[in-house]
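Structure at a glance
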Amino acid sequence: MSFEIIVHPKAAKILEKLPKIISDRIIRKLEEVKEDPRRYAEKLVESDDYKIRAGDYRIFVGVTHNPDTLEVYSIKHRKEAYKRH
C-alpha cells in the first residue's frame, strides 16, 4: 500500500530554494514515508496534520485515506517550524 505524494506549490517553492543536498534528503524521506506514513509521521497537537523529521527540517503533511494521499503543504527548518506568529 503506497501513498501518492502531492506537493503544494508553496512547499515546492521552498524545496527549490533549499540546497540540493537538503532537498534530496527531503525527497528521499518522502519516498520512504509514502510506504507507511503512520510509522514516520507524528501527529500535531490540536490538528489533523502530521510532521515528518528529515534532518534539521520538518515536513508538514496531511494524510488522507481513500484515496491514499500524503499532501506536503510546508517545509521548515526546525528553528522556525514551531514559532507562533
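In the block above lies the structure referred to throughout.
Please read all numbers here as calculations on a predicted model, not as lab measurements. Every residue gets a number counted from 1 within its own chain, in the order that chain's sequence is written. Local features in this predicted model are restricted to residues whose pLDDT is 70 or higher, and side-chain atom pairs enter the listing and the counts only when it is 80 or higher, whereas totals over whole chains, interfaces and linings include all residues. Derived side-chain values reflect all non-hydrogen atoms in the structure, with water molecules and hydrogen atoms excluded from consideration.

This part covers the environment of Val61. Segments assigned H or I by DSSP are reported as helices when at least four residues long, segments assigned E as strands when at least two residues long, and all are numbered from the N terminus. Here Val61 shows up in strand β4 (residues 57–64). Using a 1.4 Å probe on the protein chains alone, a residue whose accessible area is under 20% of its type maximum counts as buried, one over 50% counts as exposed, and one in between counts as partly exposed. Judged by its relative accessible area of 0%, Val61 is buried.

Okay, the pattern of salt bridges next. When a carboxyl oxygen of Asp or Glu is within 4 Å of a side-chain nitrogen of Lys or Arg, the pair counts as a salt bridge. Taken as a whole and assessed by the stated rule, the structure comprises six salt bridges. The salt bridge involving Asp24 is made with Lys20; its shortest N-O contact spans 3.3 Å. With Asp24 and Lys20 both in helix α2 (residues 20–33), this residue pair falls four residues apart, about one helical turn. Exposure remark for Lys20: the relative accessible area of 61% places this residue in the exposed category. Between Lys43 and Asp48 there is a salt bridge; the shortest N-O distance is 3.8 Å. Residue classification places Asp48 among the exposed positions, given a relative accessible area of 63%.

Take the packing of aromatic side chains next. Given two aromatic rings, their pairing is described by the distance between the two centres and the angle made by the two planes. Centres within 6.5 Å make a pair out of two Phe, Tyr or Trp rings, where for Trp the six-membered ring is used; the pair is then stacked when the planes are under 30 degrees apart, edge-to-face when over 60, and tilted otherwise. A full pass over the atoms with the stated rule returns zero aromatic pairs. Think of it as a cone above the ring: NZ of Lys or CZ of Arg counts as a charge over the ring if it is within 6 Å of the ring centre and within 35 degrees of the ring normal. Positioned above the aromatic ring of Tyr50 is the side chain of Lys43, whose terminal nitrogen or guanidinium carbon lies 5.4 Å from the ring centre.

We now examine the pairing of strand β5 (residues 69–77). Sheet topology note: the strand β1 (residues 4–7)/β5 ladder contains four bridges and is parallel. Along β5, the bridge assignment pairs Glu4 with Thr69. Being paired, for any two strands, means DSSP has found at least two bridges between them. For β4 and β5, the ladder comprises eight bridges, and the chain directions are antiparallel. Among the inter-strand pairings, Tyr57 is bridged to a residue of β5, identified as His77.

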